[in-house]
Structure formats: C-alpha cells, structure tokens
Amino acid sequence: MSTIRILSGVFPIYKPAGHRVSCVLDKLQKRLAVEKVFHSGSLNQYAEGIMVIGIGHTQSIVKDFEQNKKRMYLIRGLLGTSSTTFDAVGDYTHNVPYYTITEQLMREALKETFIGNKTLPIPPFQGFRILQPDPESCSMVLSGQHRTAETDILDADVIEFDPPSFQLHVYTKGRCVFGDY
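(A) How the structure looks around the overall build of the protein chain. Scanning the protein chain from N- to C-terminus turns up four helices and nine strands. Each helix (α) and strand (β) of the protein chain, taken in turn from the N terminus, gives the series β-α-β-β-α-β-β-β-α-β-α-β-β. For the protein chain, the proportion of its 181 residues judged to be buried stands at 36%. Relative to all contacts within the protein chain whose residues are 6 or more apart in sequence, the contacts with residues 24 or more apart total 67%. Roughly 11500 Å² of accessible area belongs to the protein chain as shown, and the carbon and sulfur atoms make up 55% of that amount.

Below you can see the structure in the form of structure tokens.
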C-alpha cells in the first residue's frame, strides 16, 4: 500500500532582490508539488526580505499574520531626490539641496509626522503580475495617477545618516507599502 504525503504548514522564506514574489511562489509550488501556496504580504521586486509562506490549508493563519503582526522594514533613501516610480528604479525627477537636513531634524520629523495611520503612495508598478495585470491600476498608472494604501506605522528610527544616503528602520502592524524607495 502506498502512502500519500500531504504537505501543510507555515514557514519563513527568503526572497532575494530582483525576484518577483509570484516567481518565488511558483517555483516553490512546483518544487514541493503542492496545490496551494500563500504569502503574508508581497515584497517589491527590488526589495529583499523574509516572507511568511503557507502551504496547504493554512490560509487563515497566513491572513492573520498579514493583518496583525508587527513587521520591521529597512528603508534606504537619498535626500533631495525623487523618481517617477517612487523607488530606485525610476528616472530621477527632482534633485534639490539637502544640506540643511540633519540627522536630528530627520529623527524629529519621523516622530512628529510619520508615526500613526498613514495613506502612502504605492510605486506605480509594484505588485503587477505580467500575466494578469490589474486593469484599474494599469489605467491609473498610464494616466499619471497613483494608488495608495493605508499603513499603521508604529515606530521609525534613523539607523544610518551619511548625506545624501540614509537608512531607516520602520515598524508597522500588518501590511505596508515599503520597498527600496
């Protein structure tokens, strides 16, 4: 008599920069020969990090993690710059002087204006699957509009300040829209 092995559970998986979440999940699904693979929240294609993955009948556990767990993001940025896609991939649209911004001013601004429930812009092409693009989002991007997402930011701190470069740790509850911006 043969035994049928049913794979089910929740575990962390590392997603390297440059890989789409959908590609990572597709490879995992094929390698493990399972029907259902879930994730606790997408990462920008250019971001790297640990994702919580669910296999089998774990969708409710993964959704609970997605909505209720505290997460930490490492954000890298350049002072005085902006891009067409709100990330490091787009064309730079602005380059303004940043010499008056100090580490102390950045820390104060984070505490005074950044913490709390915020509506943040989503980079125009984040989360698009090439095979199944979201028509509403595509039309918004093509018309110059931006999608937004609600994010509950619990805390933020400057961990490196070497103008024009800086790095932040940002702590959120549930999903967030950060990547490599």
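Next comes the rest of the write-up.
(B) Expanded view of unusual backbone geometry. Going from Pro 163 to Pro 164, the amide bond is cis rather than trans, its omega being 10°. Assignment of secondary structure puts Pro 164 in the loop between β8 (148–162) and β9 (165–173). The phi dihedral of Ala 33 falls on the positive side, at around 55°, and the residue is not glycine. Residue position: Ala 33 is located in the loop between α1 (21–32) and β2 (37–39).

(C) Structural context of a nonpolar patch on the surface. A grouping of Met 72, Leu 74 and Ile 159 is seen on the molecular surface, where their side chains present a nonpolar patch of about 250 Å² in accessible area. As for its position among the elements, Met 72 is in strand β4 (residues 70–78). For Met 72, a relative accessible area of 43% corresponds to the partly exposed category.

About the criteria used
- Residues numbered from 1 in each chain as written.
- Predicted model: local features only at pLDDT ≥ 70, side-chain atom pairs only at ≥ 80, totals over all residues.
- Heavy atoms only, no water.
- Helix = DSSP H or I, 4+ residues; strand = E, 2+ residues; numbered from the N terminus.
- Buried < 20%, exposed > 50% of the residue type's maximum accessible area, 1.4 Å probe, protein only.
- Contact = heavy atoms within 4.5 Å.
- Areas by Shrake-Rupley, 256 points an atom, 1.4 Å probe, with all protein chains shown as cover.
- Patch = residues over 30% accessible without salt bridge, like charges linked within 9 Å, V, L, I, M, F, W, Y side chains within 5 Å.
- Salt bridge = Lys/Arg side-chain N within 4 Å of Asp/Glu carboxyl O.

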